[in-house]
Each structure stands twice: as C-alpha cells, then as structure tokens.
Amino acid sequence: DNRDDHGWAFPTDAMKGRACDLCAELGLPRHRVGARIHLVDATTVADRDGSARTRVLVRLFSRARSFLPVELAPGADLEAVLVGGVPVRPVRRPGEPGRVQVPVRVQSLGEESQVVSLTFRTAAVVAGGRFSTFDPRLPEFPGVPVDATTWRLLLPEDRDYSFTGNMDAVEEME
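Here is a short report on the structure shown in this document. Quantities reported herein were computed from a predicted structural model and do not represent experimental measurements. (Residues numbered from 1 in each chain as written. Predicted model: local features only at pLDDT ≥ 70, side-chain atom pairs only at ≥ 80, totals over all residues. Heavy atoms only, no water.)

**Overview of the pairing of strand β1 (residues 35-46)**
Here comes step 1: Here β1 runs beside strand β2 (residues 52-62); their pairing, made up of eleven bridges, is antiparallel. Across the sheet, the residue bridging to R36 is F61, located in β2.
Here comes step 2: Between β1 and β2, which pair antiparallel in sequence order, lie five residues; one of them, G50, sits at a positive phi of approximately 95°.
Here comes step 3: Taken together, the six bridges between β1 and strand β9 (residues 149-154) define a ladder with parallel strand orientation. From the neighbouring strand, V40 faces β9, where its bridge partner is T149. (Pairing = 2+ DSSP bridges. Helix = DSSP H or I, 4+ residues; strand = E, 2+ residues; numbered from the N terminus.)

Take a look at the structure:
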C-alpha cells in the first residue's frame, strides 16, 4: 500500500518519498513520521550532594525506525537500557559522546506502544557537600516527536526549592 499517514495514495514509494521531501523544502511537516513517543515518564531521585539517578520510561510507537536515538545530558552516565522489559545493548558511535542508539522493534499499525526504559546517573555537584543549585536534565530524542512528558523529582526535604523552565508543577508532596 502506497498511502502515507494522511491517507494520500502514491503510485510508487519513490513518489511518496519525493512528496515528503517537497513538504520539507517548503517548511511543512513531513507526511510520514517513522516513530512517535506518546509519553516520557521520568523519575529523578536527588541526593544531598547533587548526585542523582533518573529512570525514564518511554512509550514509543515505531513504524519505520529500528533504533531510537537518545542524547543524554552532559555528564550523565547510562546504567541500564531495557526494551519491553528485556535488557538491550545500545549502540555507541565514536565521536558522539552522550549519544546512543537503542535497538527497538518496528511495529505494525494496531500494535501497542513499546516501553523503553533508560536509567542513568549524574555525578555530585559538590563532592561530599551540599548543592546550592540543581539543574537536572532529561535525555532528548532527536528527530522523534514527543507528545507528553511527566517528571517526578524526589529532592532532599531539608531545603526550599524554586523552579524555572517550560514544565508546569502539578503536585507538591509534603
């Protein structure tokens, strides 16, 4: 079937690809998205010295991508990667520190999203001390649209915090 995601029919795959290229040249969104992340659900636990461990669950639907590109924040050390609950080894390319390719399954329409789990840690801001600023970062997924993100921050209780950024606080736990 030579229909794109909008249902438009093309006589050949080459013509369908060319239509997508023309849209890109005109600054319009491409017709076919090889993968889409429905939800990024993250939990970060911070210690008093500013070190942190983060688990990110990614609900991914991939129609055409065999690998999910992941770009970690500077200083983040990837500890574990699971796809569908099974450990996988991400591909690291020389000369691209902090960037990995996670092998994922290409899916058919009607299948449920697959869950990719990433666990990483960041080193202490002040070794053996207490941090005055904490700037946690989530990984990025270049070229893959993300529909929604939730992020739970579990922080030491003996201090006051203020937040900036483009995410809205939903709940403060006492």
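**Structural notes on the pattern of salt bridges**
Here comes step 1: With the rule as written, the count across this model stands at seven salt bridges.
Here comes step 2: Salt-bridge contacts for D147 lead to R36; the nearest nitrogen and oxygen are separated by 2.8 Å. Linking D147 in the loop between β8 (114-122) and β9 with R36 in strand β1, this pair joins segments that are 111 residues apart in sequence.
Here comes step 3: Judged by its relative accessible area of 32%, R36 is partly exposed. (Salt bridge = Lys/Arg side-chain N within 4 Å of Asp/Glu carboxyl O. Buried < 20%, exposed > 50% of the residue type's maximum accessible area, 1.4 Å probe, protein only.)

**Points about the sheet that holds strand β3 (residues 67-71)**
Here comes step 1: Judged by pairing direction, the sheet is antiparallel, and its three strands sit side by side in the order β3-β7-β6 without closing on themselves. Across the chains shown, the open sheet's two edge strands, defined by having one partner strand only, are β3 and β6 (91-92).
Here comes step 2: Relative to strand β7 (residues 99-103), β6 runs antiparallel, the two being bridged by two bridges. Looking across to β7, one finds that R92 is bridged to V100.

**Concerning the sheet that holds β9**
What links the strands of a sheet is backbone hydrogen bonding, and the strands pair in either a parallel or an antiparallel sense.
Here comes step 1: Pairing within the open sheet is mixed, and its six strands lie in the order β5-β4-β8-β2-β1-β9. Because the sheet does not close on itself, it has two edges, and the strands there are β5 (86-87) and β9.

Coordinates in, geometry out; function isn't part of it.
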